[in-house]
Amino acid sequence: MGDLNRGIVVTGLVVKQFPSIKTILSVADGNLILAKELCKLYKVIVYDPNIRNNNKALKRKIKVIGKPFSADTEVKCDLIIGLHPDGATKEIVGFALRTDTPAVIVPCCNDKEWVTKELNRAGYVKFLKTKFVEKGWRTVVVRVSMGGANIAIVAKPKEKYV
């Protein structure tokens, strides 16, 4: 189980890094821990094939799509977030790059189908950051104040955020 404050912590990062956004796509947030905090400030869409939070009042505030996310998904948002997205990481990066949508990714595990060699967490973060930098994006790596995997990659398309 992850840090119970992770939704609050990542929401704080979003507020600081993206002051003018309105709609957030949260991928692999089946417990709705991040969405619960984000929906206090933003319109939130959650993609996860395994929604585990059955709070009906919370679900009325969030658009919940109970299916896997793909880089080819057609959805409008100002920011895409993956908080410990595991196997969805490749899809998040692909969507962000395809649509020029800023991204925040807090990775926890290597995506073994995407990364051909075993990397430690720092190596995986560097691998992900490089995917954005190669396309001319501005990236920053931030350590967030929560237990467990706590390194966030904030990626912004250069032409949108000079």
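Residues numbered from 1 in each chain as written. Predicted model: local features only at pLDDT ≥ 70, side-chain atom pairs only at ≥ 80, totals over all residues. Heavy atoms only, no water.

1. A few points about the side chain of Thr73
Our working definition: For the purposes of this entry, the term helix denotes a DSSP run of H or I that reaches at least four residues, the term strand denotes a run of E that reaches at least two, and both are numbered from the N terminus. Any N or O atom pair separated by 3.5 Å or less is treated as a polar contact, with the protein-specific requirement of one donor-capable and one acceptor-capable atom, and with residues adjacent in sequence counted only for side-chain atom pairs. Two residues qualify as a contact provided that any one of their heavy atoms is within 4.5 Å of a heavy atom in the partner residue.
Looking at where Thr73 falls in the secondary structure, it is placed in the loop between β3 (62-65) and β4 (79-83). Polar contacts involving the side chain of Thr73 include one to the main-chain carbonyl oxygen of Ser70, which spans 2.8 Å. Those residues in contact with Thr73 that lie beyond four places of it in its chain are Tyr47, Phe95 and Arg98.

2. Structural notes on unusual backbone geometry
What counts here: The cut-offs for exposure are 20% and 50% of the maximum accessible area for each residue type, with area from a 1.4 Å probe on protein chains only; residues under the lower value are buried, those over the upper are exposed, and the others partly exposed.
Despite not being glycine, Ala28 has its phi angle at roughly 65°, a positive value. Along the chain, Ala28 falls in the loop between β1 (23-27) and α2 (33-38). Positive phi values are uncommon outside glycine, yet Asp100 reaches one of about 55°. Relative to the elements of secondary structure, Asp100 occurs in the loop between α4 (89-99) and β5 (103-106). For Asp100, a relative accessible area of 25% puts it in the partly exposed group.

The analysis is restricted to geometry; functional conclusions fall outside its scope.
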